[in-house]
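The primary structure of each chain is shown beneath.
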Amino acid sequence: MKLGDNSLNWYRLDDGVMGGQSETLHTSTDIGELHFTGQINTNGGGFTSIRSPIEGGLASDTTAIRVSYIGDGKTYKVLFSNGNKSAFGPSRRSPSWQIDLPTKKDGSEETTIISLDSLVPSLQGGPIETDAKLDPTEVKEIGFMLSLKLSSGESNPVETYGTGIFPFSLKLLSIETVCTDNMH
């Protein structure tokens, strides 16, 4: 799977970084799809994620990302950051930028265009007030997450998240940049 000129090399980041017990699996198919699956355990945690570095950032004229996917009725988040790995430490100075990605239960393919201007700045899982704007050339990482919290900081409802120990599955069919000259 590629994003612009970047090959995406995914790794997992689960709630184990804070003592949780959730588990993520991710596999790529020979046709370039990415399967993000696993099990959430809300006892002591409650999030799973996959992330990939974006070498060199996005093109300066990137205005949006187009994502095609098949979900399981849960609400995921799409994340962008400058790649700072200390997401849970006090040294984190720059926000991640995120937006909710609701999915359908029926297994149908969906495509959404995520405007970079619609992303919510966040630190340690909660939204923050900032005058900072997301500069596409500073985006060094993309991620997908299933979390107890939505991008607003509010709880992800049981109907679109789950409770206790439960499975999840998001199949990413494609991720593409949308630039000023190809917005339509």
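This section reports on the structure supplied with the text. (Residues numbered from 1 in each chain as written. Predicted model: local features only at pLDDT ≥ 70, side-chain atom pairs only at ≥ 80, totals over all residues. Heavy atoms only, no water.)

**Structural notes on the overall build of the protein chain**
If you tally the helices and strands in the protein chain, you get 0 helices and 14 strands. Counting across all 184 residues of the protein chain, residues that qualify as buried make up 46%. Long-range contacts, defined here as pairs at least 24 residues apart, represent 77% of the contacts in the protein chain between residues at least 6 apart. Summed over its atoms, the accessible surface of the protein chain is roughly 9000 Å², and 50% of this surface lies on carbon and sulfur atoms. (Helix = DSSP H or I, 4+ residues; strand = E, 2+ residues; numbered from the N terminus. Buried < 20%, exposed > 50% of the residue type's maximum accessible area, 1.4 Å probe, protein only. Contact = heavy atoms within 4.5 Å. Areas by Shrake-Rupley, 256 points an atom, 1.4 Å probe, with all protein chains shown as cover.)

**As for the packing of aromatic side chains**
Scanning all chains against the criterion turns up 4 aromatic pairs. Judged by centre distance (5.0 Å) and plane angle (65 degrees), the rings of F36 and F168 are edge-to-face. Of the two residues, F36 sits in strand β5 (residues 34-41) while F168 sits in strand β14 (residues 165-179), which places them 132 residues apart along the sequence. Here the two residues F36 and F168 agree in accessibility, since each one is buried. These aromatic residues form a ring-pair network of at least three members: F36, Y76 and F168. (Phe/Tyr/Trp six-rings, centres within 6.5 Å; stacked < 30°, edge-to-face > 60°.)

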